[in-house]
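Secondary and tertiary structure notes
Now for the letters of each chain:
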Amino acid sequence: MRLQFFGKLSIAEQLDEGYRIGIRRHNEEVTKNRHILSRIIDCVKFCGAFELALRGHNESESSDNPGIFRGLVDFVASLDGVLKEHLENASVFKGTSKTVQNELLDCMLSVMREHIIQEAQNSDFLSIQADETTDIATQCQLVLVLRYIDGKSNVQESRAINTVFEHREGLIRCFETIRDSGDFDPVTTREAGGFAMLLEDQDFNFFLQLFHNIMPHVDILYAKLQKKDIDSVHIKGSIQQFQQDIQKIRNSLHSLVNQSSEGASQPKRRRLLSPEVHERIATEVCDTILQHTMERFCFTSHLVSATLLQADRFEQYTVAFPEDALSRTLKAYPVLNGSKLKTELSLIYCKEEFRTCCGAVDLLQLFKENNLEEVFSETVTLLKILITTPMTTAEAERCFSTLKRVKTFLRNSMTQERLNALAMLSMEKRMVTEIIDFNQKVIEKFASQKERRAKFIFK
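Below or above, wherever it landed, is the structure these notes cover. Quick caveat: nothing in here was measured; it's all calculated off a predicted structure.

**A short note on the packing of helix α7 (residues 168-181) against helix α8 (residues 186-200)**
Contact pair α7 / α8: the axes reach a minimum separation of 8 Å and the direction vectors enclose 150°. Relative to α8, the element α7 lies roughly antiparallel. Here α7 runs over α8; the crossing is left-handed. Contact residues: α7 offers Arg 168, Leu 171, Ile 172, Phe 175, Glu 176, Ile 178 and Arg 179, while α8 offers Thr 188, Thr 189, Ala 192, Gly 193, Phe 195, Ala 196, Leu 199 and Glu 200.

**Observations concerning the environment of Lys 340**
Within the secondary structure layout, Lys 340 lies in helix α15 (residues 338-350). Here the alpha-carbon distance between Lys 340 and Glu 378, two residues 38 residues apart in the chain, equals 6.9 Å. Among all residues touching Lys 340, those that are not within four sequence positions of it are Glu 374, Val 375, Ser 377 and Glu 378.

**Here's the deal with the pattern of salt bridges**
In the structure shown here, the tally under the stated rule is 20 salt bridges. Between Arg 39 and Asp 80 there is a salt bridge; the shortest N-O distance is 3.2 Å. In this pair, Arg 39 sits in helix α2 (residues 17-49) while Asp 80 sits in the loop between α3 (68-79) and α4 (81-89), placing the two residues 41 residues apart along the sequence. What makes Arg 39 partly exposed here is its relative accessible area of 28%. Owing to a relative accessible area of 11%, Asp 80 belongs among the buried residues under this scheme. The partner of Glu 51 in a salt bridge is Arg 405, with the nearest N and O atoms 2.6 Å apart. Salt bridges sharing common partners tie together Arg 39, Asp 42, Lys 45 and Asp 80.

So, how was this worked out
- Residues numbered from 1 in each chain as written.
- Predicted model: local features only at pLDDT ≥ 70, side-chain atom pairs only at ≥ 80, totals over all residues.
- Heavy atoms only, no water.
- Axes fitted to C-alpha atoms, helices over the stretch in contact; angles between N-to-C directions.
- Helix = DSSP H or I, 4+ residues; strand = E, 2+ residues; numbered from the N terminus.
- Parallel < 35°, antiparallel > 145°, perpendicular 65-115°, else oblique.
- Left-handed = near helix turned anticlockwise from the far one by under 90°.
- Contact = heavy atoms within 4.5 Å.
- Salt bridge = Lys/Arg side-chain N within 4 Å of Asp/Glu carboxyl O.
- Buried < 20%, exposed > 50% of the residue type's maximum accessible area, 1.4 Å probe, protein only.

From the geometry alone we can't say anything about function, so treat these as descriptive.
What follows is the structure, given as structure tokens:
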């Protein structure tokens, strides 16, 4: 008799009905355990995304303060019968201990890191920002910000003056009421009187008016610089617009001084500044803002390449091609083919549809949506370089803000590994929701970390 084997399964495995029943029961138990662990992972993700402390003062069953994580698990169990039964009867693996929390956080951090590394490896260009700060426990914390373009062509990073100016009359009446009512203590009455006098002061009102004119432009520039998808083309135009607006204010200072002088009515309790002094100080303020803007946002020579792709200049470039900017760009980025880039740019400058794009990101999206990446290959490469180049340190500052919310005075003994995972869950909450089968990937890593008494691996 000749015995044959089919694949890798032995004859005994094919014939043994009891073995197949055991496999089926094992997989059913694994499915149940994975469902339970997935619910626990959801609770950890929720706490991490909203920067909530997982642990409480006492996590025992009879505790009145078991912590947000335990409370959230109990709430989910009230809606999930399988999890509720598990928590009531579990003797081998319950999944709510501090150790399991830390192991799950390590697995989540590992999955997120692998996802980011894979996306970064698939991108053509990558920029890295590094910054450091000191946390509440006086430990030095380093943040690394990776900026790149993913497969979907996405980039992966109120003022009090206006309130006082707009409600000045109401504030004066309020302070005068407090001062004259006699219902407040002497300190409050004196302070209210002082504020009322300040709001009626001619010098104060002139500078209040000046900064009321300046701050809206600062707010607009600030909002633009905070965007994750800011690029060198867009930021250069924003800076130029801001400088033009401040220059207009500087040029109109004489009329502002005259307007302030004509509308002034103040008792002469002290010597006031003359209109000439007002104008001189206001001019110094505007000049200081312009000078600091130039120093803060002075572009190095290689970033002149951004001017090649400013849509508002395309019509001008059809008349006079920017040869100097192109030569400096080619010197900064030798990877580019100069003659092909010049041909592509000349064609772009002539086409009306490209002039409506606002910034490098919009132009790159237009190329991708119309399958023009191969036709304009050198321009696409230049766009990717410009978009990948970080323009501000806003993303690193956001990370530090997250750090201060996660590691507080009451949580200053948190381990570095736990801090890394919780901070990443908060900063990359959108990425976590977009990763397909995130929970299953975490479970796979959790199960492979060490031999566990609970079953999580299918046969």
